[in-house]
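# Analysis of the macromolecular model
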Amino acid sequence: MQRVLIVHASRHGGTAGIAERIGEVLRSTGVDAVVARAADMPDPEGFDGCAVGAGVYMGSWVKEGTEFLDRYAPALARMPVWLFSSGPLPGSTKESKEPVDPIENALGPAEGPGSGGRRKVEELAARIHPRDHRVFQGAYDPNDSPKTIAERVVRMMPVSKGVLPTGDFREWPLVEDWARDSASQLRTAVAAG
Ligand SMILES: Cc1cc2nc3c(=O)[nH]c(=O)nc-3n(C[C@H](O)[C@H](O)[C@H](O)COP(=O)(O)O)c2cc1C
């Protein structure tokens with residue numbers, strides 16, 4: 001049986017929920033899926049593949065996510081890896097007539113001001129060569145207390161009132177399709193040795 005490690009860096013549980021759902025779908029396809037917190041630094045050695053996801057705050061992954069990728073980059077580079085960012089809340093960015101790049105929507109521009117968080121993830125991805133980096137919409141509950149000082153400050157800024165839509169916008173059918181697709185890629189990769 002193929003074994004997959006699903007790692008999440010989640011501040012308010014939205015990304016953790018997506019990771020759990022991916023685990024359920026993989027198990028339903030006959031994969032032995034283990035879901036773990038990035039903060040616990042689970043060792044991916046011995047797994048056939050790994051999915052790593054993080055919540056996005058101010059254009060950066062929750063730091064335990066990038067710490068996990070950095071620490072285990074050599075092992076991850078030897079197995080199929082899938083990344084996901086859980087972030088955008090619909091309506092939180094300026095409406096645009098241009099098609100919006102999901103990575104840019106969540107993590108910001110590739111270079112210049114505001115690109116630091118995205119570049120960090122992309123530098124790590126360049127060491128690991130993930131098969132995909134998917135962006136899923138997130139969730140925001142203003143009644144759940146902020147977990148960091150920066151988050152508290154951002155939430156208090158008057159501008160945030162209009163740009164942080166409240167609700168659970170996680171797109172379960174897209175998450176499930178992505179998990180099924182990853183499972184089939186894994187089977188092909190394992191069969192090819
Ligand atoms: C203060 C604050 C800043 C955020 N910044 C971003 C952002 O830069 N990009 C993005 O896509 N989502 C952003 N979000 C939305 C979160 O990524 C979303 O709520 C996500 O589901 C959080 O995941 P978690 O519950 O696993 O921590 C922000 C949310 C808050 C509250």
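Structure shown above.
So, here's what we can say about the structure. If you're wondering where the values come from, they're calculated on a predicted model, not measured in any experiment.

## Some thoughts on the overall build of the chain
Secondary structure summary: the chain contains seven helices and eight strands in total. Taking 193 residues into account, the globule formula puts the C-alpha radius of gyration at 16 Å, and the chain, at 17 Å, falls close to it. When its C-alpha atoms are laid out on the principal axes, the chain stretches across 55 × 35 × 35 Å. Expressed as a percentage of its 193 residues, the buried residues of the chain come to 43%. Nonlocal contacts in the chain, meaning residues at least 24 apart in sequence, comprise 81% of its contacts between residues at least 6 apart. Within the structure as shown, the chain displays about 10100 Å² of accessible surface, and the carbon and sulfur contribution to it stands at 53%.

## Observations regarding the site of the ligand
Neighbouring the ligand are 22 residues; Ser10, Thr15, Val56, Tyr57 and Ala139 lie closest to it. At 2.5 Å, a side-chain N or O of Thr15 approaches an oxygen atom of the ligand. Met58 has a polar backbone atom sitting 3.0 Å from a nitrogen atom of the ligand. For the shell around the ligand, the elements supplying multiple residues, two or more each, are helix H1 (14-28), strand E3 (49-57), strand E5 (81-87), strand E7 (139-140) and helix H5 (149-156). Per element, the largest residue contribution to the shell around the ligand is three residues, and it comes from E3.

## Re the pairing of strand E1 (residues 3-9)
Counting buried residues along E1, six of its seven residues qualify, which places the element largely inside the surrounding structure. Where E1 meets strand E2 (residues 32-37), six bridges bridge the pair, whose relative direction is parallel. Bridge pairing in E2 places Val7 opposite Ala36. Relative to E3, E1 is paired through six bridges, and the arrangement is parallel. The residue bridging Val7 from the neighbouring strand is Val52, located in E3.

## Some words on the environment of Gly112
Here Gly112 lies in the loop between helix H3 (102-107) and helix H4 (116-128). On the basis of relative accessibility, which here comes to 41%, the residue Gly112 falls in the partly exposed class. Along the sequence, Gly112 and Val4 sit 108 residues apart, while their C-alpha atoms lie 36 Å from each other.

## Here's the deal with the packing of helix H2 (residues 63-76) against H4
One can describe the packing of H2 onto H4 by two numbers: an axis separation of 9 Å at closest approach and a directional angle of 15°. By the angle between their axes, H2 is roughly parallel relative to H4. Note on packing geometry: the crossing formed by H2 with H4 is left-handed. Where H2 approaches H4, its residues Thr66, Leu69, Asp70, Ala73 and Leu76 are matched on the opposing element by Lys120, Val121, Leu124, Arg127 and Ile128. Of the residues in the contact of H2 with H4, the class split is six nonpolar, one polar and three charged.

## Section: the packing of aromatic side chains
Each aromatic ring pair is specified by the distance between its two centres and by the angle formed by the two planes. Under the criterion given, the structure shown has four aromatic pairs. Aromatic side chains Phe68 and Tyr72 sit 5.2 Å apart centroid to centroid with 55° between the ring planes, which places their arrangement in the tilted category. Of this pair, Phe68 and Tyr72 both sit in helix H2, four residues apart, which is roughly one turn of the helix. Assessed through its relative accessible area of 0%, Phe68 is described here as buried. Connected via pairs of aromatic rings, a cluster forms that spans Phe84, Phe136 and Trp178. The ring centre of Tyr57 lies 4.0 Å from the NZ or CZ of Arg11, which sits over that ring. Directly above the ring of Trp172 sits Arg21, whose terminal nitrogen or CZ lies 4.1 Å from the centroid.

Procedures and definitions
- Residues numbered from 1 in each chain as written.
- Predicted model: local features only at pLDDT ≥ 70, side-chain atom pairs only at ≥ 80, totals over all residues.
- Heavy atoms only, no water.
- Helix = DSSP H or I, 4+ residues; strand = E, 2+ residues; numbered from the N terminus.
- Rg over C-alpha atoms; globule rule 2.2 N^0.38 Å.
- Buried < 20%, exposed > 50% of the residue type's maximum accessible area, 1.4 Å probe, protein only.
- Contact = heavy atoms within 4.5 Å.
- Areas by Shrake-Rupley, 256 points an atom, 1.4 Å probe, with all protein chains shown as cover.
- Near = heavy atom within 4 Å.
- Polar contact = N/O pair within 3.5 Å; in protein donor to acceptor, adjacent residues only side chain to side chain.
- Pairing = 2+ DSSP bridges.
- Axes fitted to C-alpha atoms, helices over the stretch in contact; angles between N-to-C directions.
- Parallel < 35°, antiparallel > 145°, perpendicular 65-115°, else oblique.
- Left-handed = near helix turned anticlockwise from the far one by under 90°.
- Nonpolar A, V, L, I, M, F, W, Y, C, P; charged D, E, K, R; others polar.
- Phe/Tyr/Trp six-rings, centres within 6.5 Å; stacked < 30°, edge-to-face > 60°.
- Lys NZ or Arg CZ within 6 Å of the ring centre and 35° of its normal.

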